[in-house]
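So the chains spell out like this:
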Amino acid sequence: MQILQRQIFRELLKLFGLTVSCLLGLILVGRMLQLRSLFLSQDIGFFNILQLFFYLTPFFLLLITPIATMLSVFLTFLRMSTDNELTALKASGVSLYRMLPAPLFFCTLCTLFTLFISFWGLAWGMDMFKTKLYQFARTHSKFALQPGVFNKEFPGITFYAHQVDNEKGELKFAFVRDESIKGTSVVVVAPEAQIDSTPATAEIRITFKNGNIFRQSGEELNILKFGTYSIRLDLGKMLMGFNFSEDKAKDMPLSRLSAIRHDHNEAPGREARFYRKVDTEFFKRITLPVGCIILGMFAIPIASAFRGLKQQYGLLLSMGLFLVYYTMFSVGVSMGESGAIPPEYGLWAPNFVYVFVALIGMRYANKERTPAFIHWLTSLQFNKRASA
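Residues numbered from 1 in each chain as written. Predicted model: local features only at pLDDT ≥ 70, side-chain atom pairs only at ≥ 80, totals over all residues. Heavy atoms only, no water.

Q: Provide a residue-level description of the overall build of the chain, including the pertinent values.
A: In terms of helices and strands, the chain carries ten helices and five strands. In the chain, which comprises 388 residues, the proportion classed as buried is 43%. For the chain, restricting intrachain contacts to residue pairs at least 6 apart in sequence, the fraction spanning at least 24 positions comes to 66%. Summed over its atoms, the accessible surface of the chain is roughly 20800 Å², and 61% of this surface lies on carbon and sulfur atoms. (Helix = DSSP H or I, 4+ residues; strand = E, 2+ residues; numbered from the N terminus. Buried < 20%, exposed > 50% of the residue type's maximum accessible area, 1.4 Å probe, protein only. Contact = heavy atoms within 4.5 Å. Areas by Shrake-Rupley, 256 points an atom, 1.4 Å probe, with all protein chains shown as cover.)

Here's what the structure looks like:
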């Protein structure tokens, strides 16, 4: 029996490592493609990019560990069911319940790992990400314009210049439109301008010469002429429009979330939506790790019910079932943040639903019985194959 448990546990670990690596790799490649224009325009090395993504890894792991746990258990028991190993074990007197220690121990380890990320790893990663990003803004980033191209690297601000000399920082026929203030649009037009970057203070100063300022607020338009006009911009905002001063609920450690939930004076002067986000994030950090063990146990009877299913179809099936779980979870997050329902109800609901299905399914699987709708689904698949 110990040999059986070790074999199951070893296969679960291999599949878990493979699944986490693939999902994490896909996410990181997707993020790199999304931010490719940023990295190409800034003097940030490949090693520095890897550092930034490493600090974001805890955030991604919190999301992908539950699905990796479910996929590992599902594919392991689906293979055992397809290869008739489960049938042989049951014929030898080994019930499904006696096979549970290995997957239960595996799911418990995944839950503890995700709890560690949720309690400490996520906040540490986001703090280090902010620190490193701001350091790059101060020491590596630069502001480079392309002639004849509208530049929108700063949120709410559009730059344009007909002629550009990035080495000297000189602009000819420069145009800047500032829409960062709601309800107001400011346009600065000048025949020449000078750009000075100051990495030590993470600032950019643009000095316009002999131009005009057009300020529109509602139906009112003001026009001013100037000899010299300077604007200062935060260089750090070029990097993903990141706001270093904003304290977001998703970046906080669980202890601070708990403190704010019990005493709003810990974060005074915030809107009601912020406190709802704190409540939602607090329960999110707890329900996602618990979801590892629930989804893992849920996968066992599902894999047993769909015996004979090919691995590629099994992968699609398990992904679909997780998508249902994650959709319910996302709806709970949205309704919790909007105040439609208490966040604890919306975030615990998917776990309770899947626990109920897992318990019923485990009983069916142990008795080698299959629910009627599973028979209907498999008969559909058989009919398709016969018609083909």
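Q: If you had to explain the pattern of salt bridges to someone new, which residues and values would you point to?
A: On inspection of all chains with the given rule, the structure shows four salt bridges. Between R285 and E281 there is a salt bridge whose closest N-O contact spans 2.8 Å. Here E281 and R285 lie together in helix α7 (residues 272-305), a separation of four residues that amounts to about one turn. (Salt bridge = Lys/Arg side-chain N within 4 Å of Asp/Glu carboxyl O.)

Q: I'd love a proper account of the side chain of T158, names of residues and values included.
A: Along the chain, the position of T158 falls in strand β1 (residues 157-165). With near-sequence residues (within four places) excluded, T158 lies in contact with F150, N151, K152, F175, V176 and R177.

Q: Give a description of the state of the cysteines that names residues and reports values.
A: Joining two cysteines, a disulfide is a covalent bond between their sulfur atoms. Taken as a whole and assessed by the stated rule, the structure comprises zero disulfides. In this model C110 remains outside any disulfide bridge; the closest cysteine sulfur is found in C292, 5.9 Å from its own. (Disulfide = S-S within 2.5 Å.)

Q: Lay out the packing of helix α3 (residues 46-82) against α7 with the relevant residues and their values.
A: At a closest axis distance of 8 Å, the pairing of α3 and α7 adopts a crossing angle of 15°. Accordingly, the angle class assigned to the pair α3 and α7 is roughly parallel. Of the two possible hands of crossing, α3 and α7 adopt the one that is right-handed. Residues L62, L63, T65, P66, T69, M70, V73, F74, F77, L78 and S81 of α3 form the contact with α7, whose own contacting residues are R285, L288, C292, L295, G296, F298, A299, I300, I302, A303 and S304. When the residues that make up the contact of α3 with α7 are grouped by side-chain class, the tally is 16 nonpolar, five polar and one charged. (Axes fitted to C-alpha atoms, helices over the stretch in contact; angles between N-to-C directions. Parallel < 35°, antiparallel > 145°, perpendicular 65-115°, else oblique. Left-handed = near helix turned anticlockwise from the far one by under 90°. Nonpolar A, V, L, I, M, F, W, Y, C, P; charged D, E, K, R; others polar.)

Q: Describe the packing of aromatic side chains, with residues and values.
A: Per the stated rule, a full pass over the model turns up 21 aromatic pairs. Between Y325 and Y354, the ring centres sit 5.3 Å apart and the planes meet at 75°, which makes this aromatic pair edge-to-face. In this pair, Y325 sits in helix α8 (residues 311-338) while Y354 sits in helix α9 (residues 343-366), placing the two residues 29 residues apart along the sequence. Residue classification places Y325 among the buried positions, given a relative accessible area of 1%. An aromatic cluster is defined as three or more aromatic residues linked by ring pairs; in this entry it consists of F298, F322, Y325, Y326, F329 and Y354. Stacked on the ring of F282, the Lys or Arg R261 has its end atom at 4.5 Å from the ring centre. (Phe/Tyr/Trp six-rings, centres within 6.5 Å; stacked < 30°, edge-to-face > 60°. Lys NZ or Arg CZ within 6 Å of the ring centre and 35° of its normal.)

Q: Mind laying out the pairing of β1, listing which residues take part and the relevant values?
A: With eight bridges joining them, β1 and strand β2 (residues 170-178) adopt antiparallel strand pairing. In the sheet register, Y160 faces β2, and the bridge partner there is F175. What sits between β1 and β2 in their antiparallel hairpin is a turn of four residues, with G169 showing a positive phi close to 75°. (Pairing = 2+ DSSP bridges.)

Q: Please set out helix α6 (residues 254-262) residue by residue, giving values where relevant.
A: Those residues of α6 not exposed but buried are L254, L257 and I260. Looking straight down α6, one finds its buried side chains confined to an arc of 125°; they lie on one side. Seen from the buried face of α6, the exposed residues on the opposite side, beyond 90 degrees, are S255 and H262. (Arc of directions from axis to C-beta.)

Q: Go over α9, please, and point to the residues and values.
A: The terminal C-alpha atoms of α9, which comprises 24 residues, lie 35 Å apart, in line with the 34 Å expected from a rise of 1.5 Å per residue. At A349, α9 shows its maximal bend, which comes to roughly 35°, and the proline P350 appears one to four places after that position. The set of residues buried in α9 consists of P343, G346, L347, P350, N351, Y354, A358, G361, M362 and A365. (Expected span 1.5 Å × (residues − 1). Bend = angle between axes of the 7 residues up to and from the residue.)

Q: Kindly report on the nonpolar core, identifying the contributing residues and their values.
A: Core analysis: the largest hydrophobic core is formed by 75 residues, its most contacted members being I8, V73, F77, M99, F106 and I300. Every element with two or more residues in this core is listed here: α1 (2-34), α3, α4 (85-91), α5 (101-139), α6, α7, α8 and α9. No other element matches the 19 residues that α3 contributes to this core. Filtering out sequence-adjacent residues up to four positions away, I300 remains in contact with V73, F77, L96, L100, P103 and M362. If you look at the next biggest cluster of nonpolar residues, it comprises 20 residues, including F159, A174, V176 and F226. (Core = buried A, V, L, I, M, F, W, Y, C linked by side-chain atoms within 4.5 Å.)

Q: Just give me the short version of the side chain of T280, but keep the residues and values in it.
A: Tracing the backbone shows T280 in helix α7. Using a relative accessible area of 2% as the deciding quantity, one classes T280 as buried. Aside from chain neighbours lying at most four places away, what touches T280 is V333, G336, E337, P343 and L347.

Q: Now, about the environment of T327: what can you tell me, with residues and values included?
A: Mapped onto the fold, T327 is located in helix α8. On the basis of relative accessibility, which here comes to 43%, the residue T327 falls in the partly exposed class. Along the chain, T327 and P350 lie 23 residues apart, while their C-alpha atoms are 9.1 Å from each other.

Q: Report on the environment of L15, specifying residues and quantitative values.
A: Along the chain, L15 falls in helix α1. Contacts of L15, omitting those with residues within four sequence positions, involve S72, L75 and T76.

Q: How would you summarise a nonpolar patch on the surface if you had to cite specific residues and measurements?
A: A cluster of nonpolar side chains, V353, F356, V357 and I360, forms an exposed patch at the surface whose accessible area comes to about 340 Å². Relative to the assigned elements, I360 resides in helix α9. The exposure class of I360 is partly exposed, given its relative accessible area of 39%. (Patch = residues over 30% accessible without salt bridge, like charges linked within 9 Å, V, L, I, M, F, W, Y side chains within 5 Å.)

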